[in-house]
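# Overview (structure and organization)
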There are 2 protein chains.
Amino acid sequence: MSKRKGILIIVSGPAGSGKGTVVKELVDSHTGIELSVSATTRAPRPGEVNGVHYHFIDKAEFENRIANGEILEYTTYCENYYGTPLKEVKQALARGKDIVLEIEVDGAMQVKKKMRNAVTVMLTPPDGETLERRLRSRGTETDEVVRWRLARAREELALIPKYDYSVVNEDGRAKECAELIYSIILAEHARTKRTKKIIKKFI
Amino acid sequence: MSKRKGILIIVSGPAGSGKGTVVKELVDSHTGIELSVSATTRAPRPGEVNGVHYHFIDKAEFENRIANGEILEYTTYCENYYGTPLKEVKQALARGKDIVLEIEVDGAMQVKKKMRNAVTVMLTPPDGETLERRLRSRGTETDEVVRWRLARAREELALIPKYDYSVVNEDGRAKECAELIYSIILAEHARTKRTKKIIKKFI
């Protein structure tokens, strides 16, 4: 048990799934579980610490890493790259940390191809009405934007079968969701594909 | 969530794994989880209730059920049959109960063939030395019997890769083991192969 490797947990969920709250709750309440630190080419802001808030690397280095397959998934925003660095994730896993990656469906499937032992969890609202209510209750978007987000959310939810697990986030149940994801992590550590070494102790 | 089907959990473990204690702890501390009630052809003893302690059926009925594939696995003892009745297990699962079946490796593999959604858990001692100490500490068996049981236990433990999960039972940790098996059950309920219906709520 002591020197077991960590597990990479990918958590996806459409707008309205409450993903951010659940992931924060999961990471805050379990010391062995950490959020993946992204790599970025943007400059550090005052107070940001390299390796804590982001891994700050320059553009040439980032593109080099992409070319070498060392970026698990990435996106661009305002002419800067943001992505998940393979090396840092692998190092954290080797230290025994369980690492949570909060990414969208496309990225999740890319990561799963590169790291077959990753565990994928889709967070969902309990039903379509709740989803719509949550998207509308933000109150900041136009009707058109809400309709677009709703359609996008339905597209993402149609991909549930591609995920290993789906977790329903009812209103006010972020803590229970985080605990269910924690149970999933505990269970995955006990899967025989990860625990074969135990046999050596008996033969 | 409310009308979800139960899961059949098969728990195996050699002598010295502490299986009995762990299973009792699991069933006693979670109302939704029940031990499977065996069928038998032996006569009820005073105080035994049909359907609670055993399903009491006669020999012709038992053999009929075996012939019809309605007994998941069985054994004989003192000229009586003891086995797991398929119908009763299926009814309990349909009512949403998670059912625990405490059986040996051969039986476990037979059940898994008939009920593909069953979840298999092998309980193990932490290492060979602890296994041997536990077998000897009973103090009632001859050295030859202990050696035989040890060899048999090692044979069973070599089959860990055939199981979905393996759970290590350290000394004095029966409660923690039961909770880990409970986490496995919670996680299995969230597996997308069991939760596909959630999609219908969004499309």
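Residues numbered from 1 in each chain as written. Chains lettered and ligands numbered in written order. Predicted model: local features only at pLDDT ≥ 70, side-chain atom pairs only at ≥ 80, totals over all residues. Heavy atoms only, no water.

Moving on to the sheet that holds strand S4 (residues 55–56) of chain B. Residue and element names in this part refer to chain B. The sheet built from four strands is open, its strands ordered S4-S3-S6-S5 with mixed pairing. Looking at strand neighbours, the two that pair on one side only are S4 and strand S5 (71–77), the edges of this open sheet. Where strand S3 (residues 39–40) lies against S4, two bridges are found, and the strand directions are parallel. Bridge pairing links Thr40 to Phe56 in S4. Contacts from helix H2 (residues 59–67) reach S3, S5 and strand S6 (80–85), with the element oriented near 50° to S6. (Pairing = 2+ DSSP bridges. Helix = DSSP H or I, 4+ residues; strand = E, 2+ residues; numbered from the N terminus. Contact = heavy atoms within 4.5 Å. Axes fitted to C-alpha atoms, helices over the stretch in contact; angles between N-to-C directions.)

Residue and element names in this part refer to chain A. Taken as a whole, this structure holds 12 aromatic pairs over all chains when the rule is applied. With 4.8 Å between their ring centres and 5° between their planes, Phe62 and Tyr81 make a pair best called stacked. In this pair, Phe62 is assigned in helix H2 (residues 59–67) and Tyr81 in strand S6 (residues 80–85), connecting sequence segments 19 residues apart. Exposure class is identical for Phe62 and Tyr81. Each is buried. Each residue in the set Tyr54, Phe56, Tyr77 and Tyr82 is aromatic and connected to the rest through ring pairs, giving one cluster. (Phe/Tyr/Trp six-rings, centres within 6.5 Å; stacked < 30°, edge-to-face > 60°. Buried < 20%, exposed > 50% of the residue type's maximum accessible area, 1.4 Å probe, protein only.)

Take the nonpolar core next. Counting residues in hydrophobic clusters, the biggest one holds 45 residues, and the most contacted among them are Val100, Tyr165 and Val167 of chain A together with Val100 and Tyr165 of chain B. Of all the elements, helix H7 (residues 174–189) of chain A adds the most residues to this core, at eight residues. When neighbours within four sequence positions are excluded, Val100 of chain A is seen to be in contact with Ile9, Val11, Val23, Leu26, Val27, Ile33, Glu34, Leu35 and Ser36 of chain A. (Core = buried A, V, L, I, M, F, W, Y, C linked by side-chain atoms within 4.5 Å.)

Backbone hydrogen bonds are what pair the strands of a sheet, in a parallel or an antiparallel way. All names here are of chain A. Within the open sheet, the four strands sit side by side as S4-S3-S6-S5. Their pairing is mixed. Each having just a single partner strand, strand S4 (55–56) and strand S5 (71–77) make up the two edges of the open sheet. Alignment of S5 against S6, held across six bridges, turns out to be antiparallel. Across the sheet, residue Thr75 finds its bridge partner in S6, namely Tyr82.

What follows is about the interface of chain B and chain A. Chain B puts 33 residues into the contact, and the matching count from chain A is 33 residues. Surface buried jointly by chain B and chain A totals about 2800 Å² across both partners, of which 68% is contributed by carbon and sulfur atoms. The largest per-residue losses of area from chain B upon contact with chain A belong to Arg191, Thr192 and Phe202 of chain B, which jointly make up 23% of the total buried on that side. Counting across the chain B and chain A interface gives two salt bridges. (Buried area = accessible area lost by both parts, 1.4 Å probe. Salt bridge = Lys/Arg side-chain N within 4 Å of Asp/Glu carboxyl O.)

A few words now on the relation of the copies chain B and chain A. When chain B is fitted to chain A, the residual RMSD is 0.0 Å, and the transformation amounts to a turn of 180° plus an axial shift of 0.0 Å. What we have between these two chains is a two-fold relation. When C-alpha distances to the rotation axis are compared across chain B, the minimum falls at Ser183 of chain B, with a value of 2.4 Å. The share of interface residues of chain B whose copies in chain A are also at the interface is 100%, consistent with both copies meeting through the same surface. (Least-squares fit on C-alpha atoms with pLDDT ≥ 70 in both.)

Confidence in the prediction for chain A averages 92 pLDDT; 99% of positions are at 70 or higher. Interface confidence in the predicted complex, given as ipTM, is 0.89; pTM for the same model is 0.90. (pLDDT = per-residue confidence, 0-100.)

Here we take up a positive patch on the surface. Taken together, the side chains of Lys5, Lys90, Lys197 and Lys200 of chain A define a basic patch exposed on the protein surface. Of note, Lys197 of chain A is situated in the segment after helix H8 (192–195). (Patch = residues over 30% accessible without salt bridge, like charges linked within 9 Å, V, L, I, M, F, W, Y side chains within 5 Å. Areas by Shrake-Rupley, 256 points an atom, 1.4 Å probe, with all protein chains shown as cover. Lys, Arg positive; Asp, Glu negative; His and termini not counted. Charge placed at Lys NZ, Arg CZ, Asp CG, Glu CD.)

This paragraph deals with the side chain of Thr41 of chain B. Residue and element names in this part refer to chain B. One can find Thr41 in the loop between S3 and S4. Of note is the side chain of Thr41, whose polar atom sits 2.9 Å from the side chain of Asn80. Polar contacts involving the side chain of Thr41 include one to the main-chain amide nitrogen of Tyr81, which spans 2.9 Å. (Polar contact = N/O pair within 3.5 Å; in protein donor to acceptor, adjacent residues only side chain to side chain.)

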